[in-house]
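Tertiary structure, described
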Amino acid sequence: MTKEETTLILNRIIDDYNALPEPKYRHADIDKLKNDYDLLMEMKPYQKENQRYENIINAISQTINRIVPKSNDWRTVSERGINKAIPPVIRKKNHTIEFPFQWTDDKSGCVCYINDYWGARNYMVMDIIGYYLLLKEGKDLLPKNAAPIFNNMKSIATRESVIAGNSSNSPVNKTIMNDQDIQRIQNTRYNIRFTDKDFRKNTSQNMSSNEIMNLLLETSRVEFKLVFPVRLWNGKKAKEQTYNMNFFSRLFEFGYVDKETRADGIVTLREYYISFNTVLGELFAHNLLSQSYDWLDNRFYNLPYNSQVFYRRFLLHNDYKNIPIKIETIRQRLNLDDKNVTNLKNTIERNVLTPLVNQGLIDSYEKEKDGLYGLKYIVKRKNKNNEEIKLQK
């Protein structure tokens, strides 16, 4: 296909979709939608910078997921520290970000840093690999009991100093791994392995092997210096505290092996090896093993990216039924640049809140004037489904 051909197909798909009566999921032909979605994925190299393309991908994905019975969904877990501590830092047209990007932690007043872009798909990677870690530790089931790595803040600080002073623990993200590299990762305490097929199953994303590999590599290369929430146990009770990292750290070490290759040289299956042998990786593993996580089903990853990030940053880690959020707070936590309140409001309602209503993750929202501080939204939900269940791998 040429770019001109894909543009014609894109226009046809958009016109067909827009012609469907509301609610679209009740009137759409599921087979036609899936065929159009497959066509759109093939067109990605030609249209990936086109906002209309991104919008129709998200719209069709959501409609397909409204039609497909929920019983077919796969659920995964999402570690709370990542969602609370790391803001989205998105590549935007005509907008340059100077790295390391910094912000101030609301509670401690300490400055935090990130040295590269971070967005919805990077959060998704951490959900999936964190879930694999729990399944491995629980021998194909989620562990019943908490098994924390750290006992107190001092033990974290000691471990951070050891890792920072030991160059052999520094992450080296290799391309093709040899037997020695694989053995080195498997000798670390917290490690996992999985394939492209596993990743697609748990995300319900139609990604090629190259796309998965590049996403994992991109995520593994980001370095952070954070005020990170850590769940520490005191006898039978656990309490969240924050650890102020002293050094930059990545989240995991990463490598892969090509398993299947087509005659034209295109790799169709890779096996990935990941080790959580950095201080931030061990804090991430500690929280998961301390049962500091929430549930997500795989349809979540088909939401618009801003909607995903909003849900993580404001809703996922609490059980409140009515949540008031100032529009300025939303702008800051989602790193939205638009200073025009009308445009910002439209973006939040159309691309953030309405998709969450359509997906059933919130029941409704209301706008309310917040005195001298401008507009705020009241997000409403009956309850958050966060039951603890055992899932087979």
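Look a little higher up for the structure.
Here we summarise the structure given alongside this text. (Residues numbered from 1 in each chain as written. Predicted model: local features only at pLDDT ≥ 70, side-chain atom pairs only at ≥ 80, totals over all residues. Heavy atoms only, no water.)

To continue, consider empty space enclosed by the protein. In the structure shown here, the tally under the stated rule is one cavity of 30 Å³ or more. Together, Ala120, Arg121, Met124, Gln205, Tyr301, Tyr305 and Gln308 line the largest cavity. Of all the secondary-structure elements, those providing two or more residues to the lining of the largest cavity are helix H7 (120-137) and helix H13 (305-315). Of the residues in the lining of the largest cavity, the class split is four nonpolar, two polar and one charged. (1 Å grid on protein atoms, 1.4 Å probe; cavity = no way out; pocket = protein on both sides within 12 Å on 5 of 7 lines; lining within 4 Å. Points joined across faces, edges and corners; volume = space filled by probe spheres on them. Helix = DSSP H or I, 4+ residues; strand = E, 2+ residues; numbered from the N terminus. Nonpolar A, V, L, I, M, F, W, Y, C, P; charged D, E, K, R; others polar.)

The terminal C-alpha atoms of helix H8 (residues 153-165) lie 18 Å apart, and with 13 residues this matches the ideal 18 Å at 1.5 Å per residue to within 8%. Where H8 is concerned, the buried positions are Ile156, Glu160 and Ile163. End-on view of H8: buried residues confined to an arc of 70°, all on one side of the axis. Turned more than 90 degrees off the buried face of H8, the exposed positions are Lys154 and Gly165. Capping of H8 at its N-terminal end is provided by asparagine 152; its side-chain oxygen lies 3.2 Å from the backbone amide nitrogen of lysine 154. (Expected span 1.5 Å × (residues − 1). Buried < 20%, exposed > 50% of the residue type's maximum accessible area, 1.4 Å probe, protein only. Arc of directions from axis to C-beta. Polar contact = N/O pair within 3.5 Å; in protein donor to acceptor, adjacent residues only side chain to side chain.)

As used in these notes, a disulfide is a covalent bond between sulfur atoms, one from each of two cysteines. Under the defined criterion, the tally for this structure stands at zero disulfides. For the unlinked cysteine cysteine 110, the closest cysteine sulfur is that of cysteine 112, found at 7.1 Å. (Disulfide = S-S within 2.5 Å.)

Here we take up the pattern of salt bridges. A complete count under the given rule lists 22 salt bridges for this structure. For the salt bridge of aspartate 36 with arginine 12, the shortest nitrogen-to-oxygen distance reads 3.1 Å. Highlighted residues: aspartate 36 in helix H3 (residues 30-42) and arginine 12 in helix H1 (residues 3-18), separated in sequence by 24 residues. Overall, the relative accessible area of 5% leaves aspartate 36 in the buried class. Arginine 80 is the salt-bridge partner of aspartate 294, the closest N and O atoms lying 2.9 Å from each other. In this pair, aspartate 294 is assigned in strand S10 (residues 293-297) and arginine 80 in helix H6 (residues 80-85), connecting sequence segments 214 residues apart. Summarising the burial analysis for this pair, aspartate 294 and arginine 80 share the class buried. In this structure, a network of salt bridges that share partners links the residues Arg12, Asp16, Lys32 and Asp36. (Salt bridge = Lys/Arg side-chain N within 4 Å of Asp/Glu carboxyl O.)

On to the nonpolar core, then. Counting 88 residues, the largest nonpolar core has Trp118, Leu226 and Phe310 as the members making the most contacts within it. Looking at this core element by element, the count peaks at 12 residues for H7. Counting residues in each nonpolar core, the second largest holds 17 residues, with Ile13, Tyr37, Leu40 and Tyr53 among its members. (Core = buried A, V, L, I, M, F, W, Y, C linked by side-chain atoms within 4.5 Å.)

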